[in-house]
Amino acid sequence: MTFQHPSFGTVTDDRVIIFDTTLRDGEQSPGFSMNLDEKLRMARALAELGVDVIEAGFPVASGGDFESVESIATHIKGAVICALARSGGVRDIEAAGEALKKAERGRIHNFISTSPLHMKYKLRMEPETVLEIIASGNKLARQFTDDVEWSAEDGCRTEPDFLCRAVEVAIKNGATTINIPDTVGFSVPEEIEAIFAMLRERVPGADQVIFSAHNHNDLGLGVANTLAALQGGARQVECTINGIGERAGNAALEEIVMALRTRKDRFGLTTGIATERLLGVSRLLAGITGFDVQPNKAIVGRNAFAHESGIHQDGVLKHAATYEIMTPESVGWTSSSMVLGKHSGRAAFRDKLKAMGYADLSEEAFLDAFRRFKDLADQKKVVFEDDIRALIDEGGRVNERIQLIDLSVQAGTVHPSKIVLTLSIDGQTKTVETTGNGPVDAVFKAIGLACPHQATLGLFSVANVTQGTDAQALTTVRLEENGRLVDGQGADVDTVVSAARAYLHALNKLLVKRQRKAPEELAS
Ligand code: KIV
Ligand code: ZN
């Protein structure tokens, strides 16, 4: 069976459209906000990964959100760029249309709740009013683009008859993709499969649209529910890198894609994802947000292909398929984790970056990374892949408003620790000097003196990037200000420098977040 889609042309029934919402639903989760530069890097990496649709943001939310959607639409080619809007918000839809003007292919994604609970308590609207809004929202969106998606928020807890009516209204008024989210992660796979099968069977015009699944992970069922939706006839899946997203997150892109590829015998479905780039994109996101995945995370966790037990190791050596259902290389793991040393040249460094999924660095970023790699190689005998990732991730921060210029520390058992810190703040150099209970306390106080703020420290943790006494320290800092939560990460062979970098990373994110509207201003 085939079908004509305004953005994808002829779509065959075995092709799954990968809709990535890392930059919208993912970015909505506490601590995961990104600045414009970081969003552009992520969007570029997603396009190279082969994602079909990139949901770039919610333009009406703030000037910053509008700017990032517009910028992604202008610069990122290859994928459809999508902007979110409330079905009832005329200004939302106009802002989405405006932000997408320069996109090669742009999609407006409008949504409104359809469950009895949401209509009664959140929207305080009668079902008939909701149907009117679905009609007007989709009609208006079609004035800006032929590619319109409509979502029934809390769709999986919606009465089946009403859901059928709502979907019919959306299709009649121009929606080309129909998304049925499990907004609160409540459903189980059999229910999800049945919802899609029912809609496809009962709704007039269902054969002219693509059905889409969007599953949250509150019960850990996000990926299982997404696979069930595909079995029910959905052909678009909404997902995020590393499964980030509201609360417990969204279904993880890398897990869905590898389940479809590894179990093609069962699903018979394909995607356009270049799977060997999965690890690189996962690491890029972890570096930008400051949130690493847990070691046992499927596909991209550092233990995902590590065989600890002697019996397993023996089996893998005899025949990898005994304990490996996919090859590590197929998702981007390279066989040697030890890489370069101080004698390694530019060509070797460039090759290594490519193999690690960083093929898209500009020449300027590459040269900057190479210079910092050389500095690091002078301090450490061997530089591992994880060292290089930490280094590249920090390199993306060159446009941040507050930059670390210099730091010197005096510490010991007798006197309080003393810090002299020099920062560049919006291009102005500022030096402060202070003492504290230990060098980390002193450095955080010094940052507070240089850039006064009300944020409180919610988390401070240090891990080593690799093994050995010369390993880089990887510090995570969480700051909280008026309900806004941000995490920052910093890496350096000096633990105090790494802590300073992490604190500044978080503070820079807070500056970005302050420009956004408060959640209550955005309530539908
Ligand atoms: O979870 C949800 O319902 C959403 C919609 C806006 C699609 O994110
Ligand atoms: Zn969601």
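Please refer to the structure higher up on the page.
Summary of the structure given here. (Residues numbered from 1 in each chain as written. Chains lettered and ligands numbered in written order. Predicted model: local features only at pLDDT ≥ 70, side-chain atom pairs only at ≥ 80, totals over all residues. Heavy atoms only, no water.)

1. As for the sheet that holds strand S14 (residues 417–425)
For step 1, the next point in the chain: Sheet architecture is open: three strands sit in the order S13-S14-S15, paired in antiparallel fashion. Looking at strand neighbours, the two that pair on one side only are strand S13 (402–410) and strand S15 (428–436), the edges of this open sheet. Direction aside, neighbouring strands of the sheet carry axes that sit 15° apart on average.
For step 2, the next point in the chain: Inspection of the sheet shows S14 paired to S15 by nine bridges, in the antiparallel sense. (Pairing = 2+ DSSP bridges. Helix = DSSP H or I, 4+ residues; strand = E, 2+ residues; numbered from the N terminus. Axes fitted to C-alpha atoms, helices over the stretch in contact; angles between N-to-C directions.)

2. Focus on the site of ligand 1
For step 1, the next point in the chain: Inspection of the region around ligand 1 gives Arg24, Asp25, His109, Phe111, Ser151, Glu153, Asn179, Pro181, Thr183, His214 and His216 as its neighbouring residues.
For step 2, the next point in the chain: The separation between an oxygen atom of ligand 1 and a polar side-chain atom of arginine 24 is 3.0 Å.
For step 3, the next point in the chain: The side chain of aspartate 25 places a nitrogen or oxygen atom 3.0 Å from an oxygen atom of ligand 1.
For step 4, the next point in the chain: Bound to the protein, ligand 1 loses 93% of the 260 Å² it would expose on its own.
For step 5, the next point in the chain: For the shell around ligand 1, the secondary-structure elements that each account for two or more residues are helix H1 (22–26), strand S6 (106–113), strand S7 (148–153) and strand S8 (177–182).
For step 6, the next point in the chain: By residue class, the composition of the shell around ligand 1 is two nonpolar, six polar and three charged. (Near = heavy atom within 4 Å. Polar contact = N/O pair within 3.5 Å; in protein donor to acceptor, adjacent residues only side chain to side chain. Areas by Shrake-Rupley, 256 points an atom, 1.4 Å probe, with all protein chains shown as cover. Nonpolar A, V, L, I, M, F, W, Y, C, P; charged D, E, K, R; others polar.)

3. Description of the packing of helix H7 (residues 160–172) against helix H8 (residues 189–202)
For step 1, the next point in the chain: One way to put it is that H7 packs onto H8 with a least axis distance of 10 Å and a crossing angle of 55°. The angle between H7 and H8 falls in the class oblique. The handedness of the crossing between H7 and H8 comes out as right-handed. Two secondary-structure elements touch here, H7 through Pro160, Asp161, Leu163, Cys164 and Val167 and H8 through Ile195, Met198, Leu199 and Arg202.
For step 2, the next point in the chain: Grouping the constituent residues of the contact of H7 with H8 by class yields seven nonpolar, no polar and two charged. (Parallel < 35°, antiparallel > 145°, perpendicular 65-115°, else oblique. Left-handed = near helix turned anticlockwise from the far one by under 90°. Contact = heavy atoms within 4.5 Å.)

4. Examining the packing of helix H2 (residues 36–49) against helix H3 (residues 63–75)
For step 1, the next point in the chain: With their axes 10 Å apart at the nearest point, H2 and H3 run at an angle of 40° to one another. As for how H2 packs across H3, the hand of that crossing is right-handed. In contact with Leu36, Lys39, Leu40, Ala43 and Arg44 of H2, H3 contributes Glu67, Ser68, Ser71, Ile72 and His75.

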